[in-house]
Amino acid sequence: MQTLEKTALQEEELWPFLLRFPITAFDICLGVGIQAIMWKSLASLTSANFIHRRCLEISFIFCVLEVLLILIISSTYILKIIKYFDAVCREYFHPFRVNFFFAPWISLLFLCLGLPHSVAESLLQWLWYLLMVSVLGLELKIYGQWMEPSNLLAVVGNFVGSWLGATMGIKEAPIFFSSVGMVHYIVVFVTLYQRLPTNETLKKEHRPLIRVPNSYRFSLAWWAYTVPMTSAAVATVTYYESAPRTETRILTLVLCTAAMVCVLVILITTIVRTFIHGDLFPNDTDILMIVNDKKPKSNWLYNSERPSNNLSRHGNPNSASRDVENPSP
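Residues numbered from 1 in each chain as written. Predicted model: local features only at pLDDT ≥ 70, side-chain atom pairs only at ≥ 80, totals over all residues. Heavy atoms only, no water.

Caption draft 1: Focus on the packing of helix H6 (residues 103-114) against helix H8 (residues 125-143). Remark: H6 packs on H8, axes separated minimally by 10 Å, with the N-to-C direction vectors making an angle of 150°. Taken together, the axes of H6 and H8 are roughly antiparallel relative to one another. In the crossing of H6 with H8, the sense of the turn from one axis to the other is left-handed. On the side of H6, the interface is formed by Trp-105, Leu-108, Leu-109 and Cys-112, while H8 contributes Leu-127, Leu-131, Met-132, Ser-134, Val-135 and Leu-138. Of the residues assigned to the contact of H6 with H8, the class counts are nine nonpolar, one polar and no charged. (Axes fitted to C-alpha atoms, helices over the stretch in contact; angles between N-to-C directions. Helix = DSSP H or I, 4+ residues; strand = E, 2+ residues; numbered from the N terminus. Parallel < 35°, antiparallel > 145°, perpendicular 65-115°, else oblique. Left-handed = near helix turned anticlockwise from the far one by under 90°. Contact = heavy atoms within 4.5 Å. Nonpolar A, V, L, I, M, F, W, Y, C, P; charged D, E, K, R; others polar.)

So this is what it looks like as structure tokens:
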């Protein structure tokens, strides 16, 4: 592994695929899964038998695609855990990447919500408790220490789980998770959007999560747009059900269309970048960052023969900013 790292860093060769496969790939499952929920909600708006069936069929297609994506991405990441466990540990200790360990569980919650009514009604309550215990465990890890406030993904599981629990007839537990999620949401929202100018600047590959990526190349981070857009569309569907007016109908049509187009464009681009261009998974240099001096037991990421320039660039995110502020004479 030390030889592999020296080759990858010094000669800029492409790393093995598993080593380049990040936890953020589960964002794809989130974007596809919430589309199934949107089309299932749209099916309840019309009494026309033809349109109702078509919406349910589209929702079912997205459910099947969601299952396939979860199986493929989960299997790939399990292989990464087996072969490159230290790299997974580095992602887990990364202040930004750790938020995405919620994504597999949230994807399963989305899948349960998007299933056809005949299947969803047969779900067992213990399955909900199993998923939410996993979410709660990750929350205790993240909120038990200082966090890097770079996204709101960590609180999504509380609200989605509360929604699913309420549909399954569970009462007290969904209220608990919804309350905890609201408290955490306020903390993360204020911290994220009140970042001081003196705070460390997010890397450009993370910025698509919080700003329009006009000048940034396509990456998995673009999938982060699909969940809030589709969530807004689902909310308008619910609003239209309670207030069926022309204005709410137009708003529902516009947001649902925008969410659908967004997911299709990003999905097609992801396929093209993966199988045609082959550049969707570049060398994952983020896992080289030292976080709170927590080093895995194996030292393949800490090769003592690594040039100091590479370590300063990847190990210390502030080094680039200091070079700009204090240029050499």
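Don't stop here, the text continues.
Caption draft 2: Just the packing of helix H3 (residues 27-43) against H6, in detail. Two numbers describe how H3 lies on H6: the axes approach to 8 Å, and their chain directions differ by 20°. With respect to their mutual orientation, H3 and H6 come out roughly parallel. Note on packing geometry: the crossing formed by H3 with H6 is left-handed. Contacts from Cys-29, Leu-30, Gly-33, Ile-34, Ala-36, Ile-37 and Lys-40 of H3 reach H6 at Ala-103, Ile-106, Ser-107, Phe-110, Leu-113 and Gly-114. For the contact of H3 with H6, the class distribution of residues is nine nonpolar, three polar and one charged.

Caption draft 3: Main features of helix H11 (residues 226-242). Between the first and last C-alpha of H11 there are 25 Å, a value that for 17 residues agrees with the 24 Å anticipated at 1.5 Å per step. Taken residue by residue, H11 has Thr-226, Val-227, Thr-230, Ala-233, Val-234, Thr-236, Val-237 and Tyr-240 as its buried positions. (Expected span 1.5 Å × (residues − 1). Buried < 20%, exposed > 50% of the residue type's maximum accessible area, 1.4 Å probe, protein only.)

Caption draft 4: Broad picture of the side chain of Gln-35. Relative to the helices and strands, Gln-35 resides in helix H3. Once you skip the residues sitting within four places of it in the chain, Gln-35 turns out to touch Phe-62, Thr-230, Ala-259, Met-260 and Val-263.

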